Every structure is written in structure tokens, then in C-alpha cells.
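# Observations on the three-dimensional arrangement
The lines below spell out each chain.
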Amino acid sequence: MSGVRRLGARWRRRRPLRTRLALAASAAVALVAVGVCAAAFFVIRYELLHQLDLSLTQSATRVVQENRGEGPQIIAGECRFLSAPACAQVVPADPAADPEAAYLLPVSAPVREVAAGTRAPYFSNVTRFGHSLRMLTTPFGDGRALQVALRADPVERGVRQAAVLLAAVGGAGVLLAGLLGYAVSRTGLAPVARLTSTAERIAATRDPRHRIELPPGPPGRQDELTRLAASFNTMLGELEQSVSAQRRLVADASHELRTPLTALRTNAELLARADRLTPAQRERASGALGRQIREVTGLVNDLIELARDEEPLPLVEEVRIAELAEHTVAMARTHWPRVRFELEVGPGAAEATRPGVPARLARLLTNLLDNAAKFSPPDTPVEVGLTAYGGGGGLELTVRDHGPGIAPEDLPYVFDRFYRAEAARALPGSGLGLAMARQIARAHGAELTASAAPGGGALFTVVFGGEGP
């Protein structure tokens, strides 16, 4: 038995899903068709026999009414013909009381029992005169039994004809079931076939721009396979965006690295001929080489940070945001001695904590402060604010400068990797700081947004939810 199950499972695995679905649907419809035909056959057979039994009952009632006072005898014996009345005979319970003439219908022990009143009336099938007969045996009174018989071959012929007709109908139903099963599997699995072909095309071409064609219809009334195809299209869209972002990242990174690497090679080649340079020239070349190395190192480190999608869980701890802001602002004052930084902590925000990685949160705020410091005109402050809002312990951290602000056409792209506005192309930086800041914020369950500050300048806002990440 286990071997048969293994063979069945192996056969199912080797057959396509469309074939298995077609066979299952065909088998279900065929089973219903055969069941209906079988039920119809038994109903027809029962009705035909029931009508014959009713005729026998009516004939027996008529014979009883017409021959109540008669003794054992043969009342009628012409049932060999279809148009003749029923054969009828009266049989006593005691064989010694039988008439001298032979009975036309067979007399058996059950007939004597009916005559004696020890057995209920019954129907039986007998063969006489070369034909099959349907016979009713019923009490006749005074220790006698009445036997009535009619030709049953027309009924049997009708039953056979019904069987042949219903078998033909059942066969046609099975054939139709096969066609319907194939049509159902072909139609029902069409989205799966399109999904499979699209996946194979993407695997062959490595191009995620392909999509599965969806049937028309309102979105809320789609079937499961259509929703699966729509979900697959959504996944392809996300994959296409991911691939495009990866390609843009590689292209932008190569573009950003090309200039410092070229400068590095030039200065390295220049220092290789240091004997031809004056001490001042060697010092300038060496200083430029060190700055370019630091620039490339910082760019590579930023790229590595951006490639990490989540924070290391072992380093997560409860961080007091106010203390972190104070420390980060103090560090920014040392890096930007000509810029004035102002920190204001609102009521209820001084003791607020959030789970996170302190170094990463400090990097988020440092990037925002560096960005604000680059665009701050002389004698204008960079304003940092930390306030609590709502009843759930939400925190809002803001960094505002008084520089030229963000142009409306640049606002949707300020957090894109390597994006730099026209006004910022001459300033130092790689264009990765704000992208990294947003990634860190989202990893900590916060949201970083940029907007134009009232009265001029740029305003960056980090909103921490009440529950934390």
C-alpha cells in the first residue's frame, strides 16, 4: 500500500498543475454525471416495476370481487399474450384440495404459506410459456391464496433501454466533464501561466520591467489568482526600483570616486618625483594627498553605512535623547568653531528615552548639524530643539539653519543618495549625509522630514513615536 502511495505521489509531482487540475475537475464532474445517471436508472426501474405491481394488484382485486365464492381453480390462463388479461389461479393451503387440472403458474411452499395465512403477500418473478412473468401471491380467504401474473418482458425491455440510454448520457457526461475540466484548468490557471512565463522571462533576461497582464475589472472583485498576479506585479515593481537604485548607486559612487581617485593618483605621481620639488611643493602635495585619502575613506565608510539596512540588535539600549543632543552639539561646536549652535530642550523632553544605538543616533544628528553648518551664513545660529508632544511621550527633534533654504524643485530629492542641489555643488561633502540620516531614523522607528523654515532657511524634523521602534 505504501508503494502505491509513493507511486501516486511521484506521478502527481511529475504531472503539470494544469493536468492535475483538469483531471480533478473532470473526475468530479464525471462522478456527478455517473451518479445522476445511476440514480435515474434506479428511479426508472423502480417506477416501471411499481406500475406493473399496481396492475397486478388491480387484477387481483378484480378477480377477488368476481370469484369470491369459488373454490380452487384456474380462473384465467391467457397471460402468454401481451394483450390478454392476467393469468390467475386459486391455490388451497392443503395440497390434497388441489383441482384435477394442472396449475398454469408454479405453486411452491411460500404459496401454501400465504394460503394458510402464515406469510404476507409477495411479488416474485417466474418464467412460463417462454416469457418472464411478474406474479403476485395474496390471500384469497378460507385457507386459499390467489396468484396473479402478467408479462414482465416489456418492463424488462424498457429497463434495458433506459440503461443503454443513461449509459450513453453518462458517457457523454464523462466526455463533457473532460472538456470542461480542461477548459476550467486552462482558464483558471491562465494567470499562473502568465506569472510563470513572466518569471522565466525575467530569469532569462534579468530585466524586472516585465509585468503580468491582468484581466479588466474592479480591484475589489478580483479572484485569488488575479490578486496573486497583482501582488507579483507589485513585487516586480519593487524589484525594478531596487535594481534601478542599485544601478544609480553604483553609477553615482563611481562618479563621486573618480575625481578624488584621479587627484590621488596625480598627487602620488607628483610625490614620486619628490626630488624635483621644492620643500613647499612637497608639503602642499602631501597635505592634498592626506585630505583626498580622508575624503575617499569617508565616502567609502558612508557607502558601507548605507548598505546596512538595520541596526545591530546587541548594541540597542535606552538612550536619553536630550543628553545625546547636548553631546552632539558640543562636538559640532568644536568641528565648526565659526558657527553658533543653540540647543533648547522643552519641558518633559529632558528625561525622555528611546531604545536605539547611541553611536548611530549621534551620527544622525551630526549629519543634520554638519548640513546646517555648511549653509549657515556668518553670525547666524543653527537652532536645535527637542520637545515632547502628545500624551504618549512622543519626541520631536528639529534642526534649523538660516541659510538659503531648499528650493521647491530640490525638496523631493534631498534625501536621495549623492543628490546635491546646484547651490551645494561647490561645498564639501559627498551627498550621502542626509540619505544616511533618514536611514538611521527609520531604523529607530522615527521619521525624518525636510521643509522650508519660516523666515528663510531649512528645517529638518525627526519625529520619534510614543512607543519607540
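First things first, this report covers the structure right here in the doc. (Residues numbered from 1 in each chain as written. Predicted model: local features only at pLDDT ≥ 70, side-chain atom pairs only at ≥ 80, totals over all residues. Heavy atoms only, no water.)

### Observations regarding the sheet that holds strand 12 (residues 458–464)
Note the cut-off: Two strands pair under a simple rule: DSSP has to find at least two bridges between them. What counts as a helix is a DSSP run of H or I of at least four residues, what counts as a strand is a run of E of at least two, and both are numbered from the N terminus. Only the contacting stretch of a helix is used when fitting its axis, a line to C-alpha atoms as for every element, and angles between N-to-C directions run 0 to 180 degrees. In this description, contact between two residues means that some pair of their heavy atoms is separated by no more than 4.5 Å.
Read across the sheet, 5 strands follow the order 7-9-10-12-11 without closing on themselves; strand pairing throughout is mixed. Of all strands in the sheet, those with a lone pairing partner are strand 7 (340–345) and strand 11 (446–452), marking the two edges. Averaged over all pairs of adjacent strands, the angle between their axes in this sheet comes to 15°, without regard to strand direction. Along the sheet, helix 10 (residues 433–443) contacts strand 11 and strand 12; its crossing angle with strand 11, the most-contacted strand, is approximately 140°.

### A few points about the packing of aromatic side chains
Note the cut-off: The rule is short: rings of Phe, Tyr and Trp, with Trp giving its six-membered ring, pair when the centres are within 6.5 Å, and they are stacked under 30 degrees, edge-to-face over 60, tilted in between. Buried residues are those whose accessible area, probed at 1.4 Å on protein chains only, stays under 20% of the maximum for their type, while exposed residues exceed 50% and partly exposed ones sit between those limits. Placement of a charge over a ring requires the Lys NZ or Arg CZ to be within 6 Å of the ring centre, with the centre-to-atom vector within 35 degrees of the ring normal.
Per the stated rule, a full pass over the model turns up 2 aromatic pairs. Considering the side-chain rings of Phe41 and Phe42, the 5.4 Å spacing of their centres and the 70° angle between planes classify their relative orientation as edge-to-face. When the centroid spacing of 6.2 Å and the interplanar angle of 85° are considered together, the rings of Phe415 and Phe460 count as edge-to-face. Linking Phe415 in the loop between strand 10 (394–400) and helix 10 with Phe460 in strand 12, this pair joins segments that are 45 residues apart in sequence. Each member of the pair, Phe415 together with Phe460, is buried. The residue whose ring lies beneath Arg119 is Tyr122, and the NZ or CZ to ring-centre distance is 4.7 Å.

### Points about the packing of helix 9 (residues 358–375) against helix 10
Which entries qualify depends on this criterion: Less than a right angle of anticlockwise turn of the near helix away from the far helix marks a crossing as left-handed, whereas a clockwise turn marks it as right-handed.
Here helix 9 crosses helix 10 at 145°, and the two axes come no closer than 9 Å. Our pair here, helix 9 against helix 10, has a crossing hand that is left-handed. Contacts from Arg360, Leu361, Arg363, Leu364, Asn367, Leu368 and Asn371 of helix 9 reach helix 10 at Gly433, Leu434, Met436, Ala437, Gln439, Ile440 and Ala441.

### Focus on the packing of helix 8 (residues 321–335) against helix 9
Put simply, the rule reads: Any angle that is under 35 degrees is reported as roughly parallel, and any over 145 degrees as roughly antiparallel; angles of 65 to 115 degrees are reported as roughly perpendicular and all others as oblique. Here the nonpolar group is Ala, Val, Leu, Ile, Met, Phe, Trp, Tyr, Cys and Pro; Asp, Glu, Lys and Arg are the charged ones; every other residue, Gly included, is treated as polar.
Between helix 8 and helix 9, the least distance of the axes is 10 Å, while the angle of their chain directions is 50°. For the element pair helix 8 / helix 9, the angle class is oblique. The crossing of helix 8 and helix 9 is right-handed. Taken together, the residues of helix 9 that come into contact with helix 8 (itself represented by Ile321, Leu324, Ala325, Thr328, Val329 and Ala332) are Pro358, Leu361, Ala362, Leu365, Thr366 and Leu369. Partitioned by chemical class, the residues of the contact of helix 8 with helix 9 number 10 nonpolar, 2 polar and no charged.

### Here we look at the pattern of salt bridges
When their charged atoms lie close together, side chains carrying opposite charge are able to pair. Just so we agree on the cut-off: Salt bridge criterion: a side-chain nitrogen from Lys or Arg within 4 Å of a carboxyl oxygen from Asp or Glu.
As enumerated under the stated definition, the model contains 10 salt bridges in all. Between Glu447 and Arg442 there is a salt bridge, and its shortest N-O distance comes to 3.6 Å. Each of Arg151, Asp153 and Arg157 takes part in a single network of salt bridges with overlapping partners.

### Side note on the nonpolar core
As a reminder, the rule being used: Residues belong to a common nonpolar core when they are buried Ala, Val, Leu, Ile, Met, Phe, Trp, Tyr or Cys residues joined through side-chain atoms within 4.5 Å.
Core analysis: the largest hydrophobic core is formed by 40 residues, its most contacted members being Phe341, Leu368, Leu369, Val399, Leu448, Phe460 and Val462. Elements with a minimum of two residues in this core: helix 8, helix 9, strand 9 (381–389), strand 10, helix 10, strand 11 and strand 12. Here this core takes 8 residues from helix 9, the largest share from any one element. Apart from the residues within four sequence positions on either side, Leu368 is in contact with Val399, Leu434, Ala437, Leu448, Phe460 and Val462. Formed by 16 residues, the second largest nonpolar core is a distinct cluster that contains Leu56, Ala88, Leu136 and Leu146.

### Structural notes on the pairing of strand 12
Taking burial as the measure, the 7 residues of strand 12 include 5 buried ones, the bulk of the element. Direction of pairing for strand 10 relative to strand 12: antiparallel, over a ladder of 6 bridges. Pairing of Leu395 across the sheet is with Phe464, part of strand 12. Strand direction decides the pairing type here: strand 11 and strand 12, joined by 7 bridges, are antiparallel. Across the sheet, Ala452 pairs through a bridge with Ala458, a residue of strand 12. Joining the antiparallel neighbours strand 11 and strand 12 is a turn of 5 residues, in which Gly455 adopts a positive phi near 85°.

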